[in-house]
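Structural features, examined
What follows is each chain in one-letter form.
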Amino acid sequence: LKPEGAGTENSRSLPVSPGIAIGPLFRYQPPLPSIPLGKTDNPEQAWNELIGAIDAARQDMEQRRMQVAGSIGEEQAAIFDAHILILQDTSLLERVRKQIETGLKNPAAAWFEAIDLTASAYHEQEDPYLQQRENDVRDVGRQVLAKLSGKTETVKIELKEPVVLFAEDLTPTETTQLDLDQVLGIMTIAGGGTSHSAILARALGIPAVAGVGLEFGTLKQGTLVAFDGSTGNIWLEPGADTQAELRRMERDWRASRENLRKQSRAHAMTRDGKRVEIFANVGSAQDAIMAVQNGAEGVGLLRTEFLFLARQTPPGEDEQYAALAEIGAAMGDLPITVRTLDVGGDKNLPYLNLPKEANPFLGVRAIRLSLRSPELFLTQLRAILRAGAEHQFRIMFPMITTIDEILQARLLLKEAHNTLQADHLPHIWPIETGIMVEVPSAAILSSMLANEVDFFSIGTNDLTQYTLAAERGSPELSDLADAMHPAVLKLISTVAEAAHSEGKWVGVCGELAGVPEAAAVLIGLGVDELSLNPGGIPTIKDIVRRIDTREAKSLASDVLMSQSAAQVRSLASRFLSTISQEVGSR
């Protein structure tokens, strides 16, 4: 590899995340885990020590998942669901247990050997997508080893100046630990467009390339490099003319992003004058601030799980009220839809003693858990009502399956109101109340449910999972678990029609709301509100302004007649390309 001489790129790689990066190279080498060599003389104690480390790592993953869901998006957060599934892999755990009990290996050595075997099995797969799961397995393995060694938290990657980060590979955990103010771009030897770290890089807006040559690992720290994340072109020590051109391209790219953000402060109106509300999914006050900066017209999904996870006791009413009020203050007079607690057997809450379930996604979770834990539920409802006295709060119940669940939840909501009234505490009443449509039965019964609620919000992530019987965290089923499948879209159409027939509105707060190709489809199906991660709002608003609803309805009719998600995506991509060209030619 030689420095550039002729003013053209001198290396190619795989484009991963769009954008121009130019700056000093920083080679990142993750610390190697320490593996003790000694054997154990107490297998039972060793096994219990490993289980404790696994549980601690899982709690960290759940916390990280919650943070990513709030600031980036649910689809990206689902990466950590896949990590948690690795921790629950019975064949992996049995292999480790056998090494401890029969081989008398210490827990770290037994765990490392089992993880290495599992990761190597993925590496040997022919499917590139499965090959890239090797990185996830090793990421999970390192986190458990860190817990076994006594480390309590993931070490943040500290950078003293803005750099182009170079690494053999980056795990999803490492990617979430990056200081975004100091990372100009990411270059990796391994990985690819479907790797979990690539998905996070795109969501975070960090330019990235993969498949970079090994020779970059021999460069001195601080060597000037540049790359184009859209094409994969790389420049080593670019000449003055190329630097000037690259910096112009970088400025144009950043200016384009900033221009979208400025335009995003106005409402999103289609070309024929229909307003589509663009809201944000948030999980903290920081997310709410980012939402406002990106032009959110409200919060379509406020995840409250951040208050309940990674702790030994449930949050009290005052603590919940304070957290909700802080988010309300960040949003000002904009509406905020608060989803009540949405956890279950897949997320351990030690203070609830939840039973282990063979399939927690079909078990006691979300509203089912809340109705079985009335004291916990009432405390949360009281906090939401109190916070609503000062801010424009709505309330939303997750995973509703039957009308009876709505009626029970509303009775408890009324009880929360009555007790607050008796305590002479200011609170909002009445409060706009809706449900999440995540289960096929709720979509099918939506014409009846519409009489019991003020609005519907469709959670396309779970609706897809339950409609297609494909767990969203399973890499083997990733092609099947597609929210653009005609079966899922027909359910969305059913819900929209039922809502409008009763004068109610319907939103989408699942990951599909942030997919550019899906915007016209959802508008054509009758969706009134799209709620997505804050960073994607400017792009979606820009797309909405290019759409004519009559054309969107025609597109929706076509996709509902399609036979597969691939056909739907092809139609939707073609539509998006057409309206982009039309606007560009004006």
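Up top is the structure.
Structure report, in brief. (Residues numbered from 1 in each chain as written. Predicted model: local features only at pLDDT ≥ 70, side-chain atom pairs only at ≥ 80, totals over all residues. Heavy atoms only, no water.)

**Structural notes on the overall build of the chain**
A tally of regular secondary structure across the chain gives 22 helices and 16 strands. Burial status across the chain gives 55% buried among its 586 residues. As presented, the chain carries roughly 24,700 Å² of accessible surface, and 51% of it is formed by carbon and sulfur atoms. (Helix = DSSP H or I, 4+ residues; strand = E, 2+ residues; numbered from the N terminus. Buried < 20%, exposed > 50% of the residue type's maximum accessible area, 1.4 Å probe, protein only. Areas by Shrake-Rupley, 256 points an atom, 1.4 Å probe, with all protein chains shown as cover.)

**What about the pairing of strand E16 (residues 529–532)?**
The two faces of E16 match: Glu-529 and Ser-531 on one face and Leu-530 and Leu-532 on the other face are all buried. Where strand E15 (residues 505–508) meets E16, 2 bridges bridge the pair, whose relative direction is parallel. Opposite Val-508, over in E16, you have Leu-530 as the bridge partner. Tracing the backbone out of E15, into helix H19 (residues 518–525) and back to the parallel element E16 gives a crossover that is right-handed. (Pairing = 2+ DSSP bridges. Right-handed = clockwise from strand over helix to strand, strands pointing away.)

**Some remarks on unusual backbone geometry**
The amide bond that connects Trp-429 to the next residue, Pro-430, takes the cis arrangement and shows omega of -5 degrees. By secondary structure assignment, the location of Pro-430 is in the loop between helix H14 (403–422) and strand E13 (433–437). Here the phi dihedral of His-424 falls at roughly 60 degrees; this positive angle occurs in a residue that is not glycine. As for its placement among the helices and strands, His-424 is situated in the loop between H14 and E13. Exposure remark for His-424: the relative accessible area of 70% places this residue in the exposed category. Phi at Ala-469 is positive, roughly 55 degrees, even though this residue is not glycine.

**Re the pattern of salt bridges**
On inspection of all chains with the given rule, the structure shows 27 salt bridges. Glu-62 is paired through a salt bridge with Arg-58; the nearest N and O atoms lie 2.8 Å apart. In this pair, Glu-62 and Arg-58 are both assigned in helix H1 (residues 43–71), 4 residues apart and thus about one turn of the helix distant. In terms of burial, Glu-62 and Arg-58 fall into one category: buried. In this structure, Arg-138 and Glu-134 form a salt bridge, with 3.1 Å as the shortest nitrogen-oxygen distance. You can see Arg-138 and its partner Glu-134 sitting in helix H6 (residues 133–148), 4 residues apart, about one turn around the helix. (Salt bridge = Lys/Arg side-chain N within 4 Å of Asp/Glu carboxyl O.)

Read these as spatial facts, not as claims about activity.
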